Amino acid sequence: MKKKTEILDTAAVNRALTRMSHEILEKNKGGEDLVLIGVKTRGVPLAKRIQEKIKQIEAIEVPFGELDITMYRDDLKKVNISNEPEINSATIDVELTGKNVILIDDVLFTGRTVRAAMDAVMDIGRPSQIQLGVLVDRGHRELPIRADYVGKNIPTSDKEIIVVQLNEIDNSDQVSIYEK
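Please read all numbers here as calculations on a predicted model, not as lab measurements.

Student: An account of the overall build of the chain is requested, with residue identities and associated values reported.
Tutor: Of regular secondary structure, the chain possesses five helices and eight strands. The C-alpha radius of gyration of the chain comes to 16 Å, within 12% of the 16 Å expected for a compact globule of 180 residues. Principal-axis analysis of the C-alpha atoms gives the chain an extent of 45 × 40 × 30 Å. Within the chain, the fraction of its 180 residues that count as buried is 46%. Only carbon and sulfur atoms are counted for the fraction: they give 46% of the accessible area of the chain, which is about 9,500 Å². Separation between the mean location of the 26 positive side-chain charges and that of the 30 negative ones in the chain comes to 5 Å.

If you want it as structure tokens, here you go:
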């Protein structure tokens, strides 16, 4: 893969997450009955950052959880040659029934990850609403799914890949486009 261009740097990622946090609070009329759930892997640190920003804005701690959608994927054989899915831990220690759950992920592409995440959430509880926040929406949907909160819309071709790097995992914050 060859790096084509950097779309977001550290400051731009921070601004996008700040804007998304304000939009979440505005749409939900505050932080009551909200639960943030980060979709592993990079959705988790993004959700934690949004949780912290909401705490700074509203002085409330919105409950947070981590969701592993591995067993809910419809493409396990395509992405895992051994046919033995790697199970990561999932931690959601809050009751989801009747809450507004906001799934947070790094990139929205085909919509299949989000569908799997919604299935996993519904197996845990019955939220009154599921909303979606993504740092990057790159288009190319295969399912009728759209994000409620988007950091940046980046139209891409099928020959391009969006790479999100986050300080907590990759020691830097940036979003770049690579060519296959």
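Student: Which residues make up the UniProt feature "short sequence motif: PRPP-binding" (unreviewed entry) in the chain, and what are the values?
Tutor: According to UniProt, the positions carrying the feature "short sequence motif: PRPP-binding" (unreviewed entry) are residues 101-113. Here residues 101-113 is 15% helix and 62% strand, with 16 Å between the C-alpha atoms at its ends.

Student: An account of the pairing of strand β8 (residues 174-179) is requested, with residue identities and associated values reported.
Tutor: The element β8 is extensively covered by neighbouring structure, given that five of its six residues are classed as buried. Inspection of the sheet shows strand β1 (residues 2-8) paired to β8 by five bridges, in the antiparallel sense. Opposite Leu8, over in β8, you have Val175 as the bridge partner. Both strand β7 (residues 160-165) and β8 contribute to a ladder of six bridges, which runs antiparallel. Along β8, the bridge assignment pairs Glu160 with Glu179.

Rules behind the numbers
- Residues numbered from 1 in each chain as written.
- Predicted model: local features only at pLDDT ≥ 70, side-chain atom pairs only at ≥ 80, totals over all residues.
- Heavy atoms only, no water.
- Helix = DSSP H or I, 4+ residues; strand = E, 2+ residues; numbered from the N terminus.
- Rg over C-alpha atoms; globule rule 2.2 N^0.38 Å.
- Buried < 20%, exposed > 50% of the residue type's maximum accessible area, 1.4 Å probe, protein only.
- Areas by Shrake-Rupley, 256 points an atom, 1.4 Å probe, with all protein chains shown as cover.
- Lys, Arg positive; Asp, Glu negative; His and termini not counted.
- Charge placed at Lys NZ, Arg CZ, Asp CG, Glu CD.
- UniProt positions renumbered as here; feature names shortened; annotations may be inferred.
- Pairing = 2+ DSSP bridges.

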